Amino acid sequence: MRRGLVELESFGTVRVGRILRPARRRGAEDDHRGGERRDLVTSGHSCQSPCPLDGETVFPRPSLGNAGARATPRARARAPDPERDVEKSTAHTRDWIATARTLSEALPYLQRYDGATIVIKLGGHAMGSEEAMADFARDVVLMKQCNVHPIIVHGGGPMINEMLRRLEIRSEFVEGKRVSDAATVEVVEMVLSGRINKRIVQAINTAGGKAVGLSGKDANLMICEKDLATVLRDGAEVTVDLGFVGKPVEMHPEVLHTFLRSDFIPVVAPVAMGRDGETFNVNGDTAAGAIAAAMKADRLLLLTDVAGVKNAEGELLTQITPPQVRELTEAGVIAGGMIPKTQTALDAIDDGVRAVVILDGRAPHAVLLELFTAHGAGTLIRG
Ligand SMILES: Nc1ncnc2c1ncn2[C@@H]1O[C@H](COP(=O)(O)OP(=O)(O)O)[C@@H](O)[C@H]1O
Ligand SMILES: CC(=O)N[C@@H](CCC(=O)OP(=O)(O)O)C(=O)O
């Protein structure tokens, strides 16, 4: 961490943790008023001693308008308006009180999940912009900071599609799983273990966490056998060979336990080995379920691009039971990519995971909303 001394014209010399921009007089004054400028926070804040911020890293606060600092010449010429300033300042105070209240209300949830293992599956469709990824990473780091242990398992279907298209390799899905020949599985491993895994690791590390990327192959975490799909064709059940698509049959989660005992946040790509050394493409939901079961996770969160499981009318079902899942699947209401998710949920619950939630990973702070607020999000499935 770089420390420095900054000379502020109006307040003399103060110690700051990180110099974010050259300090300007206006900024220092505004900050002191609880007002506009937030990009440099000095240790001249209002904590009573002993204060954790003294001599420590000083974080930038979000800008709340910054009207003074960026005023146009016309606005600068505007006559002072004390009433407007008071109104603005009161609104800011209300914002901060709301933030403090939210933190305070999180206490019972932080207590409930203290020391808990939470497996989070980040689907390819839920990976949005760099900004959304940064938000997700920050939430994950926050969890770890609060002694809630995340294990990230990711997908990347759309990114695999794109790479296969560029390489002119055709691809099809059966029951939500990609039929994978040898060429396809090679691309899948490159995209998942290479590009996507490292993107997530980098985002978490940038947010201040210590993420470690691995796949199902590392430390033999997940040993697979060939997966087969059973589909209905012309009223008869037909078994379909999916190629190198794996179903986890043997788990060795010691490596994850080691990470969880430390500061590390594991990020797992759903690629695994078979007993004969072959490489298998594992559906991300299936991999996340197997890991959640092996870790006896308290929660499995499946982040996708819809609000949750919907009924035939397209309405969100906030809570469903395993028999309802089976009914909806038989009726064809649960289809495509939702099948591996709900199937994973049922298997994970059978294997001792306490509850599974399917939720929209594109919604801001979806994970925090689900875990640490009364609001909850998505569809909760439990036995
Ligand atoms: N009953 C249902 N409720 C919600 N989504 C459904 C349902 N049936 C099928 N789906 C589809 O499942 C998709 C999610 O699966 P998928 O595309 O594989 O997501 P991800 O890439 O996040 O794993 C949704 O976008 C939706 O189109
Ligand atoms: C066998 C199988 O279907 N594997 C998936 C693995 C990635 C994945 O699951 O990605 P999403 O979570 O984004 O769907 C695939 O090849 O697309």
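None of the values given here were measured: they were computed from a predicted structure.

Each value, and the rule that gives it
- Residues numbered from 1 in each chain as written.
- Chains lettered and ligands numbered in written order.
- Predicted model: local features only at pLDDT ≥ 70, side-chain atom pairs only at ≥ 80, totals over all residues.
- Heavy atoms only, no water.
- Near = heavy atom within 4 Å.
- Polar contact = N/O pair within 3.5 Å; in protein donor to acceptor, adjacent residues only side chain to side chain.
- Helix = DSSP H or I, 4+ residues; strand = E, 2+ residues; numbered from the N terminus.
- Buried < 20%, exposed > 50% of the residue type's maximum accessible area, 1.4 Å probe, protein only.
- Areas by Shrake-Rupley, 256 points an atom, 1.4 Å probe, with all protein chains shown as cover.
- Salt bridge = Lys/Arg side-chain N within 4 Å of Asp/Glu carboxyl O.
- Pairing = 2+ DSSP bridges.
- Contact = heavy atoms within 4.5 Å.
- Axes fitted to C-alpha atoms, helices over the stretch in contact; angles between N-to-C directions.
- Phe/Tyr/Trp six-rings, centres within 6.5 Å; stacked < 30°, edge-to-face > 60°.
- UniProt positions renumbered as here; feature names shortened; annotations may be inferred.
- Arc of directions from axis to C-beta.
- Parallel < 35°, antiparallel > 145°, perpendicular 65-115°, else oblique.
- Left-handed = near helix turned anticlockwise from the far one by under 90°.
- Nonpolar A, V, L, I, M, F, W, Y, C, P; charged D, E, K, R; others polar.

1. Thoughts on the site of ligand 1
Link 1 in the chain: As a structural note, the neighbourhood of ligand 1 is formed by 17 residues, with His 125, Thr 304, Asp 305, Val 333 and Lys 341 the closest of them.
Link 2 in the chain: Separating an oxygen atom of ligand 1 from a backbone N or O atom of Met 338 is a distance of 3.5 Å.

2. Here's the deal with the environment of Ala 374
Link 1 in the chain: Structurally, the position occupied by Ala 374 is in the loop between helix H12 (366–372) and strand S16 (379–381).
Link 2 in the chain: Judged by its relative accessible area of 69%, Ala 374 falls in the exposed class.
Link 3 in the chain: Note: C-alpha distance between Ala 374 and Glu 105 (269 residues apart in sequence) is 8.6 Å.

3. Digging into the site of ligand 2
Link 1 in the chain: Contacts to ligand 2 come from 16 residues, most closely from Lys 121, Gly 124, Arg 178, Asn 281 and Gly 284.
Link 2 in the chain: Gly 157 places a main-chain nitrogen or oxygen 2.9 Å from an oxygen atom of ligand 2.
Link 3 in the chain: At 2.8 Å, a backbone N or O of Gly 284 approaches an oxygen atom of ligand 2.
Link 4 in the chain: If ligand 2 stood free it would expose 430 Å²; the protein chains cover 92% of that surface.
Link 5 in the chain: Elements that contribute at least two residues to the shell around ligand 2 include exactly helix H6 (157–166) and strand S6 (177–178).

4. Side note on the pattern of salt bridges
Link 1 in the chain: On inspection of all chains with the given rule, the structure shows 12 salt bridges.
Link 2 in the chain: For Lys 177, the salt bridge identified is with Asp 227, shortest N-O distance 2.8 Å. Here Asp 227 lies in strand S8 (residues 222–233) and Lys 177 lies in strand S6, a separation of 50 residues in the sequence. For the pair Lys 177 and Asp 227, a shared accessibility class is recorded, and that class is buried.
Link 3 in the chain: Note that Asp 241 and Lys 226 form a salt bridge whose closest N and O atoms lie 2.7 Å from each other. One end of the pair, Asp 241, is in strand S9 (residues 236–251); the other, Lys 226, is in strand S8, with 15 residues separating them in the sequence.

5. Looking at the sheet that holds strand S15 (residues 355–360)
Backbone-to-backbone hydrogen bonds join strands into a sheet, with any given pair of strands oriented parallel or antiparallel.
Link 1 in the chain: Taken in spatial order, the 8 strands line up as S7-S10-S4-S3-S13-S15-S16-S14 in an open sheet, and their pairing is mixed. The open sheet is flanked by strand S7 (210–215) and strand S14 (319–320), the only strands paired with a single partner.
Link 2 in the chain: Of the pairings in the sheet, the one linking S15 to S16 comprises 3 bridges and is antiparallel in character. From the neighbouring strand, Val 356 faces S16, where its bridge partner is Ile 381.
Link 3 in the chain: Lying over the sheet, helix H11 (residues 338–350) contacts strand S3 (117–122), strand S13 (299–304), S15 and S16, oriented at roughly 160° with respect to S15.

6. Points about the pairing of S15
Link 1 in the chain: Counting buried positions along S15 yields 6 of 6 residues, so the element is predominantly enclosed.
Link 2 in the chain: Here S15 shows no split at all, with Ala 355, Val 357 and Leu 359 on one side and Val 356, Ile 358 and Asp 360 on the other all buried.
Link 3 in the chain: By the bridge criterion, 6 bridges tie S13 to S15 in an arrangement that is parallel. Bridged to Leu 303 within S15 is Leu 359.

7. A few points about the packing of aromatic side chains
Link 1 in the chain: In this structure the tally under the stated criterion is 3 aromatic pairs.
Link 2 in the chain: With a centroid separation of 6.3 Å and an interplanar angle of 50°, the aromatic rings of Phe 244 and Phe 280 are classed as tilted. Separated by 36 residues along the polypeptide, Phe 244 in strand S9 and Phe 280 in strand S12 (residues 279–281) bring together distant segments of the chain.
Link 3 in the chain: You can call Phe 244 partly exposed: its relative accessible area is 31%.
Link 4 in the chain: In this structure Phe 280 comes out as buried when scored by relative accessible area, which is 3%.
Link 5 in the chain: Consider the rings of Phe 259 and Phe 264, whose centres lie 5.9 Å apart with planes at 75°: the pair is edge-to-face.

8. Re the UniProt feature "binding site: substrate" (unreviewed entry) in the protein
Link 1 in the chain: Residues annotated by UniProt as "binding site: substrate" (unreviewed entry) correspond here to Gly 156, Gly 157, Arg 178 and Asn 281. Across 126 residues of sequence, these annotated residues stay compact in space, with a maximum C-alpha separation of 11.8 Å.
Link 2 in the chain: By the secondary structure assignment, Gly 156 is in the loop between strand S4 (149–154) and H6.
Link 3 in the chain: Judged by relative accessible area, Gly 156 falls into the buried class, the value being 4%.

9. Examining unusual backbone geometry
Most peptide bonds are trans, and most residues other than glycine sit at a negative phi.
Link 1 in the chain: One non-glycine residue with positive phi stands out, namely Asn 220, at about 55°.
Link 2 in the chain: With respect to the helices, strands and loops of the structure, Asn 220 is situated in the loop between S7 and S8.

10. Some details on helix H8 (residues 254–261)
Link 1 in the chain: Buried residues of H8: Val 255, Leu 256, Phe 259 and Leu 260, and no others. Each buried residue of H8 sits inside an arc of 135° when the element is viewed along its axis, so together they form one side.
Link 2 in the chain: Buried residues belonging to H8 abut S3, helix H5 (130–145), S4, S7, strand S10 (264–269) and helix H9 (284–294).

11. With respect to the packing of H5 against helix H7 (residues 182–206)
Link 1 in the chain: Look at H5 against H7: their axes get within 8 Å of each other, and the N-to-C directions meet at 60°. Classified by the interaxial angle, the pair formed by H5 and H7 is oblique. Viewed along their axes, H5 and H7 form a crossing whose handedness is right-handed. Contact residues: Glu 130, Met 133, Ala 137, Val 140 and Val 141 in H5; Arg 199, Ile 200, Ala 203 and Ile 204 in H7.
Link 2 in the chain: Across the contact of H5 with H7, the residue classes tally to 7 nonpolar, no polar and 2 charged.

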